[in-house]
Every structure is written in structure tokens, then in C-alpha cells.
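# Breakdown of the fold
Residues per chain are reported as follows:
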Amino acid sequence: MQKLYCFFLLLLFFPFHTITAQQPQKPNAVEIYAQIQKLNFLGSVLYIAAHPDDENTRLISYLSNEKKARTGYLSLTRGDGGQNLVGPELRELLGVIRTQELIEARKIDGGEQFFSRANDFGYSKNPDETLAIWNKDEVLSDVVYIIRKFQPDVIINRFDARSPGTTHGHHTSSAMLSLEAFEKSNNPAFYPDQLNLTQLWQAKRIFFNTSWWFFGSKEKFEKADKSGLLNLKTGIYYQSLGKSNQEIAALSRSRHQSQGFGNTGVRGEDDEFLELLKGEMPKDKTNIFEGIDTSWNRVKGGKPIGELLANVEKNFDFKNPSASIPELLNVYCLLETLNENHWKPLKLEEIRKIIASCSGLYLEAVANIQETTHGNTLKIKIEAINRSAISMQLTSLKTYPETNSTFPVYDLKNNSSQSIDAELNIPQSIGYTQPYWLTEKGTVGMYRVDDQKNIGIPDIIRQVKVIFNVTIAGTTIPFERNIVYKYNDDVKGEVYKPLDIVPEITTSITDKVVIFNNDKTKTVGVTIKSGKDAVKGDLQLELPENWKINPKSIPFSLSKKGEEQTVYFQITPPKNATEITAKSIVLMDGQRFDKEQFNINYDHISKQQVLKPSEAKFIKLDIKIGNERIAYIMGAGDEVPKSLRQMGYEVTILKPEEITKQRISDFNVIITGIRAYNTVQALAFKQDILFDFVKEGHTMIVQYNTMDEFVTPNIAPFPLKISRDRVTDENARVDFLQPDHAVLNYPNKITSKDFEGWKQEQGLYYPNEWDKAFTPILSSADKGESAKKGALLIAKYGKGNYVYTGISFFRELPEGVSGAFRLMANIISLK
Ligand SMILES: [Zn+2]
């Protein structure tokens, strides 16, 4: 065997290749073989859309698994704006969940994940609205940067830039920005500062991934002339994997659990169609890479690498992958001698993984705890084992942060495990574990990321790691592993979690919005949690001077790490209506701790820690309320009852089976939760009882329902037709159609000021046709659209009032929007 010696080069941290701290991948021979084929392919595709779930996993899987291309998905946003089907997290915490779901999806379909700084702020009807809220220049800069960094040969847009208004404004914007970036990424006049970190790049062609959806129906798409389109036959059956391409794509798509996108795979022929937008159309309409050299010849000095790898493929022994190691080591050394170029670090990282897999080389560093604090001594257990006949030594170990422990050279004999103990101190210079895009406060439309190097990186950037320098048959190769935590769960078995650096103390104000509806003092609880043993300090709530607080400061001491204690402050609001942010602060040993810790634990994603400023909104309302007793019938789930209680109402949650004539006679008002008539089957049989309740002189308030199936055709006592009408601009002017109506005057005088400071939207799924018994109260419109008058409809029925409203109370009340409280109080007070 020819021995090649190459020297350990300073290990580069590739920002686009972060290793996640979960179950380590343990590829089998078939998977290793596929990785070798990929190592010998130098072509790439970047797929671009707006949200987690926009991506076409069938196409991503096809490009990655069939074409062996480096395939990226750039989702401009992290999907914060949606609803969460697996738990209570919303907004940026939901974005953290969706980020992880995309990372997990890519592990299945073989793609790589990227994001821009754009925030999914909620629905927008067209790109004008989107780009007025995103910082267009910053998002474009990010798309250009990721293109320059990823260097795709081909770019594919999910959406059509030419049809604004036909889909979500984020979608059309993603296509527009992608087209613009296709040109600008190769122009040094644009974003020249990026060129310190990357280089100009011109993708060869850009496509739009059309489908029947864009044609209105499958039938229309079937009939359409597709002769001008690139046609990829994606219904591949991967014999060696035992799965069809669509089955892999379905497994990937099913990772989107927070969106409820479980997907069943199919088998058989399948087509994807791509419309050329710019660049040169391939003559062969099935060859996306036509005219692009996707071999090692595209790299200077790469030809012999391609030849060697062709041999490795040809000689690969599925019963003994380690037989490929001598040739792979030759490739590794050749790779190291190449001049620096785009592919070198990517391919070095790939081949390191392949060599480890072929030799059964297993390397792991496990901490004794999942959470650690600065200054703590972390004990780690290192495992290194070679499971091949190839001669190997663990020549040196390097840890970040550095350890004082010293290590000899360990001989890694076949199937003989080395267990090594080490200790390291966590310095302040390594920040708390935190999604880097949430460290600084952003705007409604943008995350703030100050370090250009981090743009595009999907995941938390972890800094506590071990580099194993392993000498394999004379060649020393560095292998990097994040330090992880693992334990055995009696039900789940082996569970991996990332190592998190946490503050010594975190606090949490129990209610994130506290409503003061009169001058009375309220009790506010704050929970203190210790990140280490034996902490002692003082807790304070920071409030403006005109708010009274008692006591001013609460001393505490907690003896055990993880221990929690809740303490209480008496808060008295000022006379006038106002809204403030209360901050919870701990002073300990002269240091100030002001963070709240959120732990996100789900089985389908890696455990996530998010740290946010520990604060809550305190709102003194100028509001009058009646003494109505309210029954609330939950729909799909909302926090309106909690807000109503904060306003001072007595609220009872009524189960559908409790809706009886006798039971509801205890109440003055019945409110149905959001989408109740889409989700609560039993309501179909309760309408008579509810309408009689109204007839007898009470009020029933029905909040929004979507156009999905209704549990009953008669949701109101009079005809009413729900539509897609909505007002998404929360700042749109609201006109009063009936200025003298009681609902705008009693007990609170509603003015245009009450529609200021609303969040995300005004309302959705407004009725667009209604019986003349209904009186429309409000009118408003999104830019360029006709006025929508269905936001709040009131009908007299018998002696009572039936109210239908698409106003987003479910969003505005938990956010503490005072005008929404005042309007709701008036609806409840209708006589
Ligand atoms: Zn979308």
C-alpha cells in the first residue's frame, strides 16, 4: 500500500455545516455508497421559497438522491406566523420549532437548509405589502449572500414572480427577490462588503417549478402545452433503499408536525415541470445540468480525484466498506493539496464522514449534565472506537473551550473502545446557548443578525466541541463533534440532547399580559429558577415611578440547580390609562440577570433553549365593564377566556354536553371560541338551545370560522355567508357605519384611537352576505381593495342579540391591545 502523509491543517469552521446534537447518524453500506457517489458529483441546485412547508420535497429528494447534487432549500422565513398544532409556542418560538422541523426534513431528503433574516409576520395579500414590512434590501442582500456562498449551478423558484395577488405576498416576493438576486449575485456593485467573505457567482439558469396548482386544476394542467418546459421524471424507485422517491419525500414532509403535514408516500411515475426564467434552456429537456461540468474536472487539479473516486465506486465492497479506506485516504490527501476553492472544504467534510463510516470509527463526547453555567467545570466522557482492521491512533484531542487535561496517544485497536475523561471550564466568552437570530431584538419584518458570517445558517451555533485528530494508516484527519448530553429513558431508550449554556438565574413573570381594569391593587407572581447550586440574590420588578410596587425587592436563596420558587408583588396602577413593559431583574453578586428561559421539548426535533428578556406587559385600561356572567364554548383553542377574566369578568368554560337550557340560564352572555363551528361537532345539536337563549333576551357572540366544512348549515338564526374577506393591514382606517349604535357608545365610547396599535391583522373570514336582520357596524379595507363591512354584525333576535364577528380578538386580547378590550366590553354589554 502506498503511504501518503498529509499534515493536519488548521481546522476551518464551516458555517454552513453545523452538526446537530442529536442521535448520531450511523450509515449502513448502501448509504455510505450513496455518499461516495455524491462525493464524485460537483453540481448544485438551490430551491427558493418563503416558508417552512413551501418546498417541494419530491424535487429536493430527486436532485439529492437521484442526481447526487448538492441541493439547498432557502426558506426566506422561519414560519413564525402560523399556528402550532403540537403545542402552545407561537411567533418566534414557533419559528424555532419550524426551523428544527426543516432541519429534520433535510436529513431525510438529503438537502441542506438555509434561511434569510425575513420574519414571517403573518398573512399579506401581495408583495407590495410584504416588501413594505420586510426590509427589501436586507432580504435581497441575504439571498445574494446565500447564492454567493452556496454557488448554485441552478436556481429553482417555487412561486411565480409574475402573478402578484394570486397567493401569499411572501410567496410572490420570494420569487421576485430570487430573480433579482440571480442577476445581482455576479455584480460587484451590489453588496460589495460581502465579497470579503465570499465571491461573485453567476448561476447558469433559473427556473420556476410550476405545477397544476398554478393552472387552477389538474385537468387544465394535463391539457396545457408543456413542450417548452424542462421535464424531470421524479418517480424513481431506489432499489437499494427499498423506497420510491415520493415515499422519501413524504417522510421528509411529515417532519412538519407543527403544521400537521403528515404525508403518505406514493409509488410509480411522477413528473416535475420547470419553466426557464433566465439563462440557457437545456436542449435535452430532461437534463437540468446540461452544459455544466459536474465532474471533478471543474476544480483545478481535481481530475485525478474523480478518477480515484470512480475506482472507489467500482470496487466498493458492500460486505466490507473498510476495504475502500486506502483509496479514500489517497483522495483525502489529494484534496488537501488542492488550492483553496469553493468545493474543497465541502468535499473534505464529506470525505471525513465517509472515512469514519467505512471504518466504523465512532467518536463521541458526552457531558455529565444537559445544562451548564459559566464558570462551571464540565465533566466529559469521550468515546473513541475503530471497528475495522485498519491501523489507527487517536493522536491528539483538542477541546473548545480548551481543557487542562492532557492526553496520551491512544492506539485504536479493532473494536476496542477507548474511554477518556476530561474536564473543561466554560468561560464567559462563550455566550448563552440561544438561536443566534433571536439574540438581538428585531423588527416586525426582520430578525436582527449583526454578523454577516451568520446569515443563512439554519441552526443554533454551538461552540463547545471536541476535535479528534485520528491518524489512519499514516494520514491524520481531524473529526469534529459537538459535546452532547445523553441519557437512558425507560420508555424511549437512548435520548440525545444538546448541551446548553444557561444563565445562573432566570425568571418568568407568570402572566405575560396583566390587565388593570380599575385602580385596585393586583398580585403578580414571578418564578425564579436557578441554573446552578446555591444561588442567592434579590428579585425586583422594574416599573415606571407612577406604578406602586410592594415590596420593592424580594431576597431569595435556592440551594439546588433547577430549583424553582414563585414570589409575589402587589402592584397598584396609576389613574390614567397606560401600557408599560415590566422587567424582572435579579441582582446577584453585583451581576444583573434579566432573561427568561424557554425550553422546547418535542420528540421529533432536537431540544431547544430560547432566552428572551424576562418581561410582561402591564396595561391600565380606561374601561368600564358590566357584571355579565359569561359562558365560553371553546373552538379550535384560544386564550380569550383568560383575557376576559383579566378584564374582571366571571367566565365559565362550557363543554358542548353542558349546553342545556337549564345550565345556560345561569349566564347573560355566551361566546364561541375561534372556529367552533368548524371543529365542535356537538354544536350541530345545540343550536336550538343557543338561539332560544338569545331569544329570551341574552347575547351570543360567535367568533370567526373558516370556510372549511361547518358542523351545521345554520350557524346563525338568520342567513349569513362566510367568505374569504379579511383585512390584513392592522393599521387600515376603520369607519363607523352606525356611529350611534350602542356597541360603539356604551359603556365605553369607541373612537378611531381604539383601532390603533393592533397586531398582525384586523380580522379574517368576514361574512360577505347577510340577512337584513343584521346591522353591519364597521367598515375598513386593505390598500387597493373594496371596503369590507362584515367585521362586526349584530342582529336582534327575539329580545336578545346575536353577534357574528371576524375581528381577531383571539390575537389582540392576549397581546393586550386596549381598543380591542373596550370594543369587546361593549359587545358583551349589548342589551
Ligand atoms: Zn408558504
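Our structure's up above, just so we're on the same page.
Computed from a predicted model, the values in this text were never measured in an experiment.

The strand order across the open sheet built from 4 strands is 21-23-27-25, with neighbouring strands paired in antiparallel fashion. The outermost strands of the open sheet, each flanked by one partner alone, are strand 21 (505-509) and strand 25 (548-550). Taken over all neighbouring pairs, the strand axes of this sheet differ in orientation by 30 degrees on average, direction set aside.

Now for the coordination of the zinc ion. Geometrically, a metal with four donors at the corners of a regular tetrahedron has ideal angles of 109.5 degrees, and one with six donors at the corners of a regular octahedron has ideal angles of 90 or 180 degrees. Within the protein, H51 (ND1), D54 (OD) and H171 (NE2) serve as the donor atoms for the zinc ion, at 2.0 to 2.1 Å. Read from N- to C-terminus, the donor residues coordinating the zinc ion fall into the pattern H-x2-D-x116-H. Neither H51 nor D54 differs from the other in exposure class; each is buried.

Another point: the nonpolar core. Formed by 76 residues in total, the largest nonpolar core has its most connected members in L644 and L823. Looking at which element gives the most residues to this core, the answer is helix 17 (residues 818-828), with 7 residues. Counting residues in hydrophobic clusters, the runner-up holds 58 residues, among them L335, L338, V464 and I483.

On inspection of all chains with the given rule, the structure shows 25 aromatic pairs. Between Y33 and F316, the ring centres sit 5.4 Å apart and the planes meet at 40 degrees, which makes this aromatic pair tilted. Within this pair, whereas Y33 is found in helix 1 (residues 29-39), its partner F316 is found in the loop between helix 9 (303-315) and helix 10 (325-337), the two being separated by 283 residues in sequence. In this structure F316 comes out as buried when scored by relative accessible area, which is 8%. Relative to Y802, the ring of F691 has its centre 6.2 Å away and its plane inclined at 80 degrees; by these criteria the two rings are edge-to-face. Here the residue F691 occupies a position in helix 15 (residues 687-695), and Y802 occupies one in strand 43 (residues 800-805), the gap between them amounting to 111 residues. Like F691, the residue Y802 is buried in the burial classification. The structure contains a cluster of three or more aromatic residues connected by ring pairs, namely F691, F718, F774, Y797 and Y802. Sitting over the face of the ring of Y765, R726 holds its NZ or CZ atom 5.5 Å from the ring centroid.

It is worth spelling out the environment of E658 at this point. The topology assignment puts E658 in the loop between strand 34 (650-653) and helix 13 (661-664). A residue is classified by how much of its surface remains accessible, and E658, at 27% relative accessible area, is partly exposed. On a C-alpha basis, the gap between E658 and G525 in space is 33 Å, while along the polypeptide they are 133 residues apart. Those residues in contact with E658 that sit more than four places away from it in its chain are I653 and R663.

Definitions and cut-offs
- Throughout, residues of each chain are indexed from 1 in the direction in which the sequence is written.
- Since the coordinates come from a predicted model, pLDDT governs what is reported: local features require at least 70, and pairs of side-chain atoms require 80 or more to be given and counted, while whole-chain, interface and lining totals use all residues.
- Excluded from the side-chain calculation are hydrogens and water; included are all heavy atoms of the structure.
- In this analysis, strands are considered paired if DSSP registers two or more bridges between them.
- A run of H or I in DSSP becomes a helix once it reaches four residues, and a run of E becomes a strand once it reaches two; helices and strands are each numbered from the N terminus.
- With axes taken as lines fitted to C-alpha atoms, and helix axes fitted only over the stretch in contact, angles between N-to-C directions fall between 0 and 180 degrees.
- Because no water is among the atoms considered, metal sites can look incomplete, with donors defined as N, O and S atoms within 2.8 Å of the metal, or 3.2 Å for Na, K and Ca.
- Classification of residues uses two cut-offs on accessible area relative to the type maximum, computed with a 1.4 Å probe and protein chains only: under 20% is buried, over 50% is exposed, and between them is partly exposed.
- Take the buried residues of types Ala, Val, Leu, Ile, Met, Phe, Trp, Tyr and Cys, join any two whose side-chain atoms come within 4.5 Å, and each joined set is a nonpolar core.
- Note on aromatic contacts: the rings of Phe and Tyr and the six-membered ring of Trp form a pair at centre separations within 6.5 Å, being stacked when their planes are under 30 degrees apart, edge-to-face when over 60 apart, and tilted otherwise.
- Only Lys NZ and Arg CZ are tested; either one counts as a charge over a ring when it is within 6 Å of the ring centre and within 35 degrees of the ring normal.
- When checking whether two residues touch, look at their non-hydrogen atoms; a contact exists if any pair is within 4.5 Å.

Honestly, it's all geometry; don't read function into it.
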